[in-house]
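The primary structure of each chain is shown beneath.
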Amino acid sequence: MTAADMERMDVPLTDLIARVDAMAARRRDLFTAGLLAEDRHQCDPTDNLFAQLPCPHPEACSTSADYPGFDAWIAQQQNLNTAARRNR
């Protein structure tokens, strides 16, 4: 590293403090924007409509009879997964 490189890196303390303050303010702004976006998502006024979509059309929903043996297979997979986690 040369002296010229050091001069470019060396900044007055007041500039450094201003940069850090600006970065902290930007981080707070981004964090706040993220929280507000999550709040908007949680309070989606059409969410209940989306949740009710399958209800008026039960004939379009699958049942266990549509997939014979699936219930037993998924139970077996869950048991294998639980056993594998216990043996770690």
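Each value, and the rule that gives it
- Residues numbered from 1 in each chain as written.
- Predicted model: local features only at pLDDT ≥ 70, side-chain atom pairs only at ≥ 80, totals over all residues.
- Heavy atoms only, no water.
- Helix = DSSP H or I, 4+ residues; strand = E, 2+ residues; numbered from the N terminus.
- Rg over C-alpha atoms; globule rule 2.2 N^0.38 Å.
- Buried < 20%, exposed > 50% of the residue type's maximum accessible area, 1.4 Å probe, protein only.
- Patch = residues over 30% accessible without salt bridge, like charges linked within 9 Å, V, L, I, M, F, W, Y side chains within 5 Å.
- Areas by Shrake-Rupley, 256 points an atom, 1.4 Å probe, with all protein chains shown as cover.
- Salt bridge = Lys/Arg side-chain N within 4 Å of Asp/Glu carboxyl O.
- Polar contact = N/O pair within 3.5 Å; in protein donor to acceptor, adjacent residues only side chain to side chain.
- Phe/Tyr/Trp six-rings, centres within 6.5 Å; stacked < 30°, edge-to-face > 60°.
- pLDDT = per-residue confidence, 0-100.

1. Section: the overall build of the protein
- Counting secondary structure elements, the protein contains four helices and zero strands.
- When its helices and strands are written in sequence order, the protein yields α-α-α-α.
- The C-alpha radius of gyration of the protein comes to 28 Å, more than 25% above the 12 Å expected for a compact globule of 88 residues.
- Taking the principal axes of the C-alpha coordinates as reference, the protein spans close to 75 × 45 × 20 Å.
- Buried positions account for 0% of the 88 residues belonging to the protein.

2. A closer look at a nonpolar patch on the surface
- Judged by side-chain polarity, Leu13, Leu16, Ile17 and Val20 come together as a nonpolar surface patch covering roughly 370 Å² of accessible area.
- Within the secondary structure layout, Leu16 lies in helix α2 (residues 13-42).
- Overall, the relative accessible area of 42% leaves Leu16 in the partly exposed class.

3. A closer look at the environment of Asp71
- Within the secondary structure, Asp71 sits in helix α4 (residues 70-86).
- Of the residues examined, Asp71 reaches a relative accessible area of 46% and is grouped as partly exposed.
- Among the polar contacts made by the side chain of Asp71, one reaches the side chain of Ser64 at a distance of 3.1 Å.

4. Digging into the packing of aromatic side chains
- Across all of its chains, the model carries one aromatic pair by this definition.
- Here Phe70 and Trp73 contribute two aromatic rings whose centre-to-centre distance is 5.8 Å and whose plane-to-plane angle is 35°, an arrangement assigned as tilted. In this pair, Phe70 and Trp73 are both assigned in helix α4, three residues apart and thus about one turn of the helix distant.
- The class for Phe70 is partly exposed, based on a relative accessible area of 41%.
- With a relative accessible area of 43%, Trp73 lands in the partly exposed category.

5. Some details on the environment of Ala25
- Turning to its location among the elements, Ala25 is positioned in helix α2.
- Each C-alpha atom of the pair Ala25 and Asn79 lies 49 Å from the other, and the pair is 54 residues apart in sequence.

6. Topic: the confidence of the model for the protein
- Looking at the protein, pLDDT values average 85 and 95% of them are 70 or higher.
- Per-element confidence in the protein is highest for α4, whose mean pLDDT is 93, and lowest for helix α1 (residues 3-9), whose mean pLDDT is 71.

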